[in-house]
Amino acid sequence: MDYNNSLFAAAALDAPGDLALALALPASAGHFDELHGRTLDKAPPVPSQMQGQSQSHTPQMLQLAGGAVSPAPARDPGPTAATAASLAPDWSRFFNFLGGDGFDDLNHRTANLQRQIRDNGVTYNVYADANGPQRPWSLDLFPLILSAQDWAQIATGVQQRARLLERILADVYGPQQLLALGLLPAALVQGHPGYLRAMHGVRPAGGTFLHIAAFDLARGPDGRWWVVSQRTQAPSGLGYLLENRLAISRLFPEAFRELKVQRLAASYKALVDGMKAASPAPARGEESRIVLLTPGPYNETYFEHAYLARYLGLTLVEGSDLLVRDDKLYLKTLQGLEPVHGLLKRLDDEFLDPLELRSDSTLGVPGLLQAIRAGNVLVANAPGSAFLESSALLGFLPALSRHLLDEPLALPSLATWWCGEQAALQAVLPRLKECVIKGTYPETGIESVIGQTLSRRELDEWAGRLVRRNEDYTVQAYLPLSQTPTWQGQRIAPRSTMLRVFAVADGAGSWQVLPGGLARLAGPNDKIASMQQGGSSADVWALAAAAAPASATPGRTADPAAACTNAAPLSPAGAEPGAVPRAITRTVHKPPVTSRAAENLFWLGRYTERTENAIRMAQLTLQSLNGEDQSSQPLLGWLSELAVKNGLVMDSVPPATQSRRVFERSLMASLADTGQATSVGYSLRALKGAASAVRERLSQEQWHVIMRAEADFFSRCKAFSGPDHPASQALEYSSVEALAALESASGFLAAMTGAQTDRMSRDDGWRLLSTGRHIERLNTLASSLILGFETGAVFDEGGFGAILALFDSTITFHAQYQQQRDVPALLDLLVLDRDNPRSLGWVTQTLRGRLARLAENTVGAPQPAPDLTPALPDPGNWLLSELCTPAPGAPDSEPYAGLLAQLELCCSAAFELSDTLSRRYFSHVAPDEHSLGA
């Protein structure tokens, strides 16, 4: 850090708090400063409508609507900037625990944080981003620190609001007394597209409508927290805040420990346990199966879906993985259809069931609503809660709380007016300048507009819109957001922040508030904190009042990783005499492998092998074209045929036997071409696509290797290929850059192979991944050897060595046969040797073993799999003497006809096996099940 600046003239400042004050930029006027714990400038007076004025003005509602503010006294705004040269106590303690390097180390920690986010593959998809839909998750170095007093108030208010929303849903989809009494306008409920008439009169499984509720809070200039909005359909953030906690607690382990930050794990366990307890009773001896439904990899928060599924131990599914039969929900697995008892959904209600909701939805499950009505599946949250997300509803909650709970709201709502009431409309029109205009219903597509940013003419135009379409608009008081400190390289800069807090149901009528939340930070010049608009996030530290929370495991608080994972210890199952340990009984419940996951794992294996083979072929071709055997016509002919057959060059390119340099340039130009060629870049990108669909099954290290491999290869290929460098421009480049790119990619592929082989659970999903690899290897190597005989390369010295190199068996061959160049010796190693993992004998033997195990694991399943091993040649029947003699009836001039027949059989068996596996395990269609045309 540069201490030469006059700002640091007081370099002798030893106290971290003093240095923090020197580095900190002031918060904006009128905003609560989290760093100092007060509003430094004189705060503007709180608008009268936020001090108890009625927000609902019709005669029927005047008495019960009341104010939106709890009777709790406002926090003292504190002194002005002239006397506020002190930090909030919790922030002072935080800076005292920065460690020996103090502020000098913050930039290094920021770099580590960014690298960790990138390495872990934490992304947030922004559709409007010009750099592509996927970008790294943005996380600030400093957490948002909530004192024990603040958190106690927030937790109490959020828990109360969760109970209130549950009671509202129970009434709206039941007796509808709130509508009859006029406490809720029918237009905000039955006129809202999120109200589902198909669910009226339906009591959800377990009797609970909401299992997760999220509330967006903001702190005003007076220091109090206000509820700005609420989310009930599929609230996002539960996965991102876990990743935030893990990352930040590792960077500040001492501060995390000494400030006694409350842990998160118990709330997640309570959510899953509550869903299992409320789900429909499964058959005797079975456990409730809960799955997490995601829209798929292109959703903006897909990372979170995969992360949550892995953390909670749930199967991640898409709509195509599920089906409804006899009003029951089933999961398509390798062993047939398995019942699903609970669904944690991560998509909006309108996409859930194309039969009764949006008919164009491909994300949901046909018949799901009927299964819910039959009480055969629990869905969290129950469909039909979307109307609760309308901002207009906030103005009616104070009266609803008094009516349903007989309690005033402990946490106030920001003053809100629904313009569908004439009295509210007339009251708010003169004060649009100091308010925020929002849409009442989602289909209107109205973006929030801050009145302060509008000119007089624009305000008049908006007033006209409100008068003409009053029901479509809701007006909310503008609240200057509190500003939390962020680290910006050399200074501590304030950023406006919104806090999202989650409540989870842990039993019938019982709620638990997750201690912490997700803080969203606005940009330096923004007034709205939004991730879609390029904002950032921060971890949220909710401090305990005195001792560490009960959910923390004693003796592990020093471990920053325990910030997320130290749930309350399980009571020992064997505590009682004769008890059976749980570790034994759990083996009867293996996690299922869905057909979609199995298919993507299968293709992940195929594309991994295909990419590795393409890299080896490209390396071999470029080395041969510039090596001592570059004049060998059989070798060049074999390489040309091989490149065309495997998509490394277009079939219109002249072969290397005719124009060696044109062929070489075309090969180099196609390496990263994903549009016209299916070379290395195409396969590498397809590999990543298959991996992204099963991300919950991959370790972070494995995903990181895949991401780095793709980025590194395409970056290196810019020097000699790509859309901006056609083949004609590659003349000035040598093959050195291409070989360097291929060598780097080969290293990444070796790491991927190692991870797939040694770091994945060997269930049926892994067996299909391995099967995909070996099918690809069998076809590629067998067809390559066929071309070697057809072009005569196998009888050429250069071609003989190239074939050994393609099979990655050069070292082994020389060790066994020294300098022999005999074709029988070649066949013995590349075809018959079942100790060589690159030989056809080893590949077919391994494939037969994988297939036999797959069939064995479906014994007793609803749809047992047939044994597919007879479809493959049996290498035990291969004899070298028969492979090196003419086939029966063939002329003596074809001494290897028997070998070529076996190689053709290997290729056709690979194709047929791939199709059979797809029908049996992925599409669940028998070979004779066809559609008949008209």
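Quantities reported herein were computed from a predicted structural model and do not represent experimental measurements. (Residues numbered from 1 in each chain as written. Predicted model: local features only at pLDDT ≥ 70, side-chain atom pairs only at ≥ 80, totals over all residues. Heavy atoms only, no water.)

1. Comments concerning helix α25 (residues 797–806)
- Counting buried positions along α25 gives seven out of ten residues, so the element sits mostly inside the fold.
- Those residues of α25 lying buried are Gly798, Gly799, Phe800, Ala802, Ile803, Leu804 and Leu806.
- Against α18 (595–625), α19 (633–645), α24 (764–790), α26 (810–817) and α27 (823–832) lie the buried residues of α25.
- One or two residues past the end of α25 sits aspartate 808, with phi positive at roughly 55 degrees. (Buried < 20%, exposed > 50% of the residue type's maximum accessible area, 1.4 Å probe, protein only. Helix = DSSP H or I, 4+ residues; strand = E, 2+ residues; numbered from the N terminus. Contact = heavy atoms within 4.5 Å.)

2. Things to note about the packing of aromatic side chains
- Evaluation of the coordinates by the stated rule reveals 29 aromatic pairs.
- With a centroid separation of 3.9 Å and 10 degrees between ring planes, the pair formed by tryptophan 137 and tyrosine 240 is classed as stacked. Here tryptophan 137 is found in the loop between β2 (134–136) and β3 (144–146), whereas its partner tyrosine 240 is found in helix α8 (residues 238–251), with 103 residues between them in sequence.
- Chaining the aromatic ring pairs together yields one cluster made of Trp91, Phe94, Phe95, Phe103, Phe142, Phe252, Phe256, Trp487 and Trp541.
- It is arginine 465 that lies over the ring of tryptophan 462; its NZ or CZ is 4.5 Å from the centre.
- The aromatic ring of tyrosine 921 is capped on one face by arginine 920, whose charged end is 4.9 Å from the ring centroid. (Phe/Tyr/Trp six-rings, centres within 6.5 Å; stacked < 30°, edge-to-face > 60°. Lys NZ or Arg CZ within 6 Å of the ring centre and 35° of its normal.)

3. Some details on the side chain of threonine 474
- Take threonine 474: it is sitting in strand β16 (residues 473–477).
- Judged by its relative accessible area of 1%, threonine 474 falls in the buried class.
- A polar contact of 2.9 Å, which involves the side chain of threonine 474, links it to the side chain of threonine 440.
- Filtering out sequence-adjacent residues up to four positions away, threonine 474 remains in contact with Ser391, Ala392, Thr416, Trp417, Trp418, Val436, Ile437, Lys438 and Thr440. (Polar contact = N/O pair within 3.5 Å; in protein donor to acceptor, adjacent residues only side chain to side chain.)

4. Section: the sheet that holds strand β8 (residues 322–325)
- Spatially, the three strands line up as an open sheet ordered β8-β9-β10, and their pairing is antiparallel. The sheet is open, and its two borders are formed by β8 and β10 (336–339), each paired with just one other strand. Pairwise comparison of adjacent strand axes, ignoring direction, gives a mean angle of 45 degrees for this sheet.
- The sheet contact formed by strand β9 (residues 328–333) and β10 spans four bridges and is antiparallel. (Pairing = 2+ DSSP bridges. Axes fitted to C-alpha atoms, helices over the stretch in contact; angles between N-to-C directions.)

5. Some remarks on the nonpolar core
- Grouped together as the largest cluster of nonpolar side chains are 102 residues, with contacts concentrated most on Trp638, Phe713, Met752, Leu768, Val831 and Leu917.
- For this core, the element with the highest residue contribution is α18, accounting for 13 residues.
- In this structure, leucine 917 is in contact with Phe602, Leu768, Thr771, Ile775, Leu851, Leu868 and Phe922, ignoring residues within four places of it in sequence.
- If you look at the next biggest cluster of nonpolar residues, it comprises 73 residues, including Leu184, Met199, Leu369 and Val501. (Core = buried A, V, L, I, M, F, W, Y, C linked by side-chain atoms within 4.5 Å.)

6. Here's the deal with the pattern of salt bridges
- Scanning all chains against the criterion turns up 37 salt bridges.
- A salt bridge links arginine 93 to aspartate 90; the shortest N-O distance between them is 3.9 Å. Here the residue arginine 93 and the residue aspartate 90 both occupy positions in helix α3 (residues 89–96), the gap between them amounting to three residues, near one helical turn.
- On the basis of relative accessible area, aspartate 90 is assigned to the buried category, the value being 18%. (Salt bridge = Lys/Arg side-chain N within 4 Å of Asp/Glu carboxyl O.)

7. Examining empty space enclosed by the protein
- Within the structure shown, the criterion is met by four cavities of 30 Å³ or more.
- Here the largest cavity defines a volume of roughly 50 Å³. (1 Å grid on protein atoms, 1.4 Å probe; cavity = no way out; pocket = protein on both sides within 12 Å on 5 of 7 lines; lining within 4 Å. Points joined across faces, edges and corners; volume = space filled by probe spheres on them.)

8. As for the environment of serine 784
- With respect to the element layout, serine 784 can be found in helix α24.
- Exposure remark for serine 784: the relative accessible area of 1% places this residue in the buried category.

9. Let's talk about the sheet that holds strand β6 (residues 290–293)
- With respect to topology, four strands assemble into an open sheet ordered β7-β6-β11-β12, the strand pairing being parallel. Each edge of the sheet is formed by a strand with only one pairing partner; in this case those strands are β7 (315–317) and β12 (378–380). Sheet twist, expressed as the mean angle between neighbouring strand axes with direction ignored, is 25 degrees.

10. Quick notes on the packing of α18 against α25
- Look at α18 against α25: their axes get within 10 Å of each other, and the N-to-C directions meet at 155 degrees. With respect to α25, the element α18 is oriented roughly antiparallel. When you trace α18 past α25, the crossing you get is right-handed. Where α18 abuts α25, its residues Arg616, Met617 and Leu620 lie against Ala802, Ala805 and Leu806. (Parallel < 35°, antiparallel > 145°, perpendicular 65-115°, else oblique. Left-handed = near helix turned anticlockwise from the far one by under 90°.)

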